[in-house]
Amino acid sequence: MGKGRDFISCRDVLWYLVFSGFAVNYILRINLNLVIVGMVVPREKPVAAAQCALQGEPEFGRNSSGTSNTTSLLPPAPILPKDTYEDRFTWNEYEQGLALGAYYWLHWTTQLPGGLLARKYGTKLVFGFANIFTAILGLLIPIATRYHLYALVFIRVLQGLVAGVAWPSMHDMTSKWIPPDERSKFVSAYLGSSVGAAVTYPLCAACVHWFGWDSAFYVTSLVGIAWYCFWALLAFDSPQQHPRISSSEKKYILERISGSLGEKDSKVPWKDILTSGPLWITIASHWGGVWGFLTLMTQAPSYFNFVHGWNINSTGILSGLPHVLRMAFSYAFSILSDWLLRTKRMSRTNVRKLATFVCTGLQGILTVALAMSGCHPNLAIIFMMAGTAVNGAVSAGTLAIFVDLSPNYASVLLGFAGLVTVGAGFISPLVVGLLTNNNQTIGQWRLVFVISAVNLIVSCLIYIFFGSSDEQEWNNPSSTGREPEELTKVKSKSEENADVEEKFPMIAHRPEKEVRR
């Protein structure tokens, strides 16, 4: 990443903590997406098999003669006698949609407070609290579910409410720790959420298969509690607070972020934020990405189970693998984006537009292809995996843009964006529930994916034509009196060192060789 880097720097440690923290965040968020397949009584026959047979197509898992079809990637679920489902529930699609969407009902209300709380109390406290409390609530889900569906809904609403502060709070830490030309790669740690999803689906599938559906919630909650122990010990809100950081790494970070960060308690310029055109354009782009990704993530287990008839273990593997690809794609694309910025081959705005095209536009095209896959489950696998993978470019796209626009208020911007875009999280499951309630047909699911694709493609076009990632004037109101750039370039070494001492009092009394560039 450049100078100021030790063999294992504090930024490396922070990357792994953030990566695993977002993995835990998503493990606790989406465990129900897969487990619900094992909580409800299954249908007697996969819808796609019946429809495709009527259309003259061979059934999933069988050829036209009725024998096994070896070209299918995964086996269909066996149909068991109804008396084997004593511990399952007879929820219809609408009721399942309530359970899946409940997490997002109040999730949006704590997005903005999450950014503000991080500025005041620090990301370590806010992000850590969000994960540990969500994990503790997860331990209550089996008891609540057996009591009543609405008790499960209530617990999920509380989980979403508490966890809402997590994502925006992390931007505050990112702005204090990470120089601009390292942001894309660091923000890829946020996509530890994808690895969390990849682990959750097969892990929960195994738990459901061997120990029953309630074990999945106990195991995932214990994972969250274990993570918090490491976070409390190793995470710090800023380089200045870290007791073990080297002086060279601290100096390297502070020199490169000093121009964009203001005072911690500086007044938030709400009027400028609310009237910022570039911010609203970024939010519009983020909306499409959130809708598209959550549709694939939340509905894939149900789609492949109810439409193509795959069993719980097959669905878990299939639903998890795309998220591994998403993380790998994110990491590779973020390295490319940072390289384009460092070498000045593309402007920052154009790099962000490229990333936005990939994570929303290209995903939209692949989602259309998924909608058209119909009776061909193998094509559905390919398009679902590819569509989820390319969404990984969001780490160099909208997630990084919020920091670009205003490093000083990055957590506030992401919180405000979440206040708007998290609506996609509960609207999408409700739309799916309304469209497929007692009507699980290929045509209805095609409509689900087409709606998602429209959101993706429209949001992509908005940012491509109108978007910008230039730092906004209101990012640091006190900087309006800065000297012109051409004058600052001719400062002497002594003047530069004096500036460093004034900005960073903690190194003012060190020997001169330590503050020399």
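Residues numbered from 1 in each chain as written. Predicted model: local features only at pLDDT ≥ 70, side-chain atom pairs only at ≥ 80, totals over all residues. Heavy atoms only, no water.

## Regarding the overall build of the protein chain
Part 1 of the reasoning: In terms of regular secondary structure, the protein chain is built from 24 helices and zero strands.
Part 2 of the reasoning: In the protein chain, buried positions account for 57% of the 517 residues.
Part 3 of the reasoning: Contacts in the protein chain between residues far apart in sequence, at least 24 positions, make up 85% of those at least 6 positions apart.
Part 4 of the reasoning: With an accessible surface of roughly 21300 Å², the protein chain has 64% of that area assigned to carbon and sulfur atoms. (Helix = DSSP H or I, 4+ residues; strand = E, 2+ residues; numbered from the N terminus. Buried < 20%, exposed > 50% of the residue type's maximum accessible area, 1.4 Å probe, protein only. Contact = heavy atoms within 4.5 Å. Areas by Shrake-Rupley, 256 points an atom, 1.4 Å probe, with all protein chains shown as cover.)

## Considering the nonpolar core
Part 1 of the reasoning: If you look at the biggest cluster of nonpolar residues, it comprises 102 residues, and the most contacted ones within it are Met39 and Tyr190.
Part 2 of the reasoning: Beyond its immediate chain neighbours, meaning those up to four positions away, Met39 contacts Leu32, Arg88, Phe89, Trp91, Thr145, Leu152, Trp213 and Phe217.
Part 3 of the reasoning: Of all hydrophobic cores here, the second largest spans 19 residues; its members include Leu318, Ala380, Val448 and Phe449. (Core = buried A, V, L, I, M, F, W, Y, C linked by side-chain atoms within 4.5 Å.)

## What to know about the side chain of Thr282
Part 1 of the reasoning: By the element assignment, Thr282 lies in helix 14 (residues 277–307).
Part 2 of the reasoning: Other than its neighbours up to four places away in sequence, Thr282 contacts Thr398, Ile401, Phe402, Leu405, Tyr463 and Ser468.

## Points about the packing of aromatic side chains
Part 1 of the reasoning: Throughout the structure, instances matching the rule amount to 20 aromatic pairs.
Part 2 of the reasoning: An aromatic cluster of at least three residues, connected via ring pairs, comprises Phe22, Tyr26, Phe127, Trp167, Tyr190, Trp227, Trp231 and Phe293.
Part 3 of the reasoning: Lying over the aromatic face of Phe293, Arg326 brings its terminal NZ or CZ to 3.8 Å of the ring centre. (Phe/Tyr/Trp six-rings, centres within 6.5 Å; stacked < 30°, edge-to-face > 60°. Lys NZ or Arg CZ within 6 Å of the ring centre and 35° of its normal.)

## Focus on the packing of helix 1 (residues 10–39) against helix 11 (residues 213–234)
Part 1 of the reasoning: In contact at an axis separation of 10 Å, helix 1 and helix 11 are set at 175 degrees when each is read in the N-to-C sense. If you check the angle between helix 1 and helix 11, you find them roughly antiparallel. Residues Leu17, Ser20, Gly21, Val24, Ile27, Leu28, Asn31, Leu32, Val35, Gly38 and Met39 of helix 1 form the contact with helix 11, whose own contacting residues are Trp213, Ala216, Phe217, Thr220, Ser221, Val223, Gly224, Trp227, Phe230, Trp231 and Leu234.
Part 2 of the reasoning: Of the residues that constitute the contact of helix 1 with helix 11, the class distribution is 15 nonpolar, seven polar and no charged. (Axes fitted to C-alpha atoms, helices over the stretch in contact; angles between N-to-C directions. Parallel < 35°, antiparallel > 145°, perpendicular 65-115°, else oblique. Nonpolar A, V, L, I, M, F, W, Y, C, P; charged D, E, K, R; others polar.)

## A short note on the side chain of Thr134
Part 1 of the reasoning: Looking at where Thr134 falls in the secondary structure, it is placed in helix 5 (residues 123–138).
Part 2 of the reasoning: Only 2.5 Å separates the side chain of Thr134 from the backbone oxygen of Ala130, close enough to count as a polar contact.
Part 3 of the reasoning: Dropping the residues within four chain positions of it, Thr134 is found in contact with Leu28, Gln159, Val162 and Ala163. (Polar contact = N/O pair within 3.5 Å; in protein donor to acceptor, adjacent residues only side chain to side chain.)

## Some points on a nonpolar patch on the surface
Part 1 of the reasoning: On the surface, Ile365, Val368, Met372, Val450, Val454, Ile457, Val458, Leu461, Phe465 and Phe466 cluster together into a nonpolar patch covering about 910 Å² of accessible area.
Part 2 of the reasoning: Of all the secondary structure elements, the ones that give two or more residues to the nonpolar patch are helix 16 (348–371) and helix 21 (442–466).
Part 3 of the reasoning: Considering every element that reaches the nonpolar patch, the biggest residue donor is helix 21, with seven residues.
Part 4 of the reasoning: Structurally, the position occupied by Ile457 is in helix 21. (Patch = residues over 30% accessible without salt bridge, like charges linked within 9 Å, V, L, I, M, F, W, Y side chains within 5 Å. Salt bridge = Lys/Arg side-chain N within 4 Å of Asp/Glu carboxyl O.)

## Some words on helix 4 (residues 111–121)
Part 1 of the reasoning: Looking at helix 4, one finds that the buried residues are Gln111, Leu112, Gly114, Gly115, Ala118 and Arg119. All buried residues of helix 4 lie within an arc of 165 degrees about the axis, which places them on one face of the element.
Part 2 of the reasoning: Summarising the contacts, the buried residues of helix 4 are in contact with helix 5, helix 8 (166–177), helix 13 (270–274) and helix 19 (410–421).
Part 3 of the reasoning: One or two positions beyond helix 4, positive phi appears at Gly122, with a value near 100 degrees. (Arc of directions from axis to C-beta.)

## Brief notes about the pattern of salt bridges
Part 1 of the reasoning: Taken as a whole and judged by the stated rule, the model has six salt bridges.
Part 2 of the reasoning: Residue Glu182 is joined to Arg11 by a salt bridge in which the shortest nitrogen-to-oxygen separation is 2.9 Å. Linking Glu182 in the loop between helix 8 and helix 9 (183–187) with Arg11 in helix 1, this pair joins segments that are 171 residues apart in sequence.
Part 3 of the reasoning: Across the salt bridge formed by Arg11 and Glu249, the nearest N and O atoms sit 3.0 Å from each other. Taken together, the residues Arg11 in helix 1 and Glu249 in helix 12 (residues 247–257) connect sequence positions 238 residues apart. Neither Arg11 nor Glu249 differs from the other in exposure class; each is buried.
Part 4 of the reasoning: By sharing partners, the salt bridges in this structure join Arg11, Glu182 and Glu249 into a single network.

## Let's talk about the confidence of the model for the protein chain
Part 1 of the reasoning: For the protein chain, the mean per-residue pLDDT works out to 79, and 78% of the residues sit at or above 70.
Part 2 of the reasoning: For the stretch residues 57–83, pLDDT sits under 50, and the model shows 47 contacts to residues farther than four places along the chain or on other chains.
Part 3 of the reasoning: Between residues 480–517, whose pLDDT stays under 50, and residues either more than four places distant or in other chains, the model counts 30 contacts. (pLDDT = per-residue confidence, 0-100.)

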